[in-house]
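A look at the structure
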Amino acid sequence: MDRIFSPWRMEYLLQVGAGGGTEPCIFCVRDGDLEDPERLFVGLYPSTVAILNRYPYNNGHVLVAPRRHVADLWDLSSEERNELFSLVSLGTRALAKEYRTEGMNVGINLGKAAGAGIVDHLHVHLVPRWAGDTNFMTPVRETRVLPESLLESRRRLSAVFSPLRP
C-alpha cells in the first residue's frame, strides 16, 4: 500500500478533531488579526467575518461567520442574520468573478452529527467549483491537489472581499 504523508493534518486533528484544544476559536476576531496573514481573514464587517478555510476543498474556499460566537441560526439577531446571508450572496459573486467559477457549493453544517468541524461557532462554506475540478487523487488517494497557496488566495480574496458592504 502506498502512503502520502500530510503532516499538516495533525494540527487539525489535535485542535478540532480531538474535541478542540487550547487554541481560540478561528472565527473570533482579536486585535491585529486582520493584518496577520496566518489568520487568513479576507474581510471583516460589523457583524460578520470572511476567512479562508485552512483545509480547503478547492482554492478560494471561504468561510463566512457571524462575529458573535453562536452555534445555531436561531441564535442570530435579525441584523446578524441579514448581514451573514448578504455576505454569502456578495461573496459568491466575488468568488465567481475572481476565480471564474462554473459553479459554487454553499453549505452550513449545524452540529456534530451534521458534520460540523467547529460545532460551537456557525459558519457558511463558499466553495468555488469547476467542471472537472476533481481527479483520481481525491477518490483514490483521498488527497486534494490545490494549485494556489493559502497566502496567495488570501492576497487575492482580501482585495475583493474588503470592499464588500453586506
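Residues numbered from 1 in each chain as written. Predicted model: local features only at pLDDT ≥ 70, side-chain atom pairs only at ≥ 80, totals over all residues. Heavy atoms only, no water.

In this section: the packing of helix α2 (residues 78-99) against helix α4 (residues 150-161). Any two packed helices are characterised by the angle at which their axes cross and by the distance between the axes. The geometry of α2 relative to α4 is characterised by a closest axis approach of 10 Å and an angle of 125° between their N-to-C directions. In terms of orientation, α2 lies oblique with respect to α4. Crossing handedness for the pair α2 and α4: right-handed. Where α2 approaches α4, its residues Leu87, Gly91, Ala94, Leu95, Glu98 and Tyr99 are matched on the opposing element by Ser153, Arg156, Leu157, Val160 and Phe161. Split into classes, the residues belonging to the contact of α2 with α4 amount to seven nonpolar, two polar and two charged. (Axes fitted to C-alpha atoms, helices over the stretch in contact; angles between N-to-C directions. Helix = DSSP H or I, 4+ residues; strand = E, 2+ residues; numbered from the N terminus. Parallel < 35°, antiparallel > 145°, perpendicular 65-115°, else oblique. Left-handed = near helix turned anticlockwise from the far one by under 90°. Contact = heavy atoms within 4.5 Å. Nonpolar A, V, L, I, M, F, W, Y, C, P; charged D, E, K, R; others polar.)

Ordered by their spatial adjacency, five strands build an open sheet running β1-β2-β3-β5-β4, and the pairing between neighbours is antiparallel. Both edges of this open sheet fall to β1 (41-44) and β4 (103-107), since each of them pairs with a single strand only. Each strand axis lies, on average, 20° off the axis of its neighbour in the sheet, ignoring direction. As paired strands, strand β2 (residues 48-52) and strand β3 (residues 62-66) are joined by five bridges and run antiparallel to one another. Paired with Ile51 across the bridge in β3 is Leu63. Sheet strands in contact with α2 are β2, β3, β4 and β5 (124-129), and its direction is about 10° off that of β5. Across the sheet, α4 lies against β1, β2 and β3, angled at about 20° from β1, the strand it touches most. (Pairing = 2+ DSSP bridges.)

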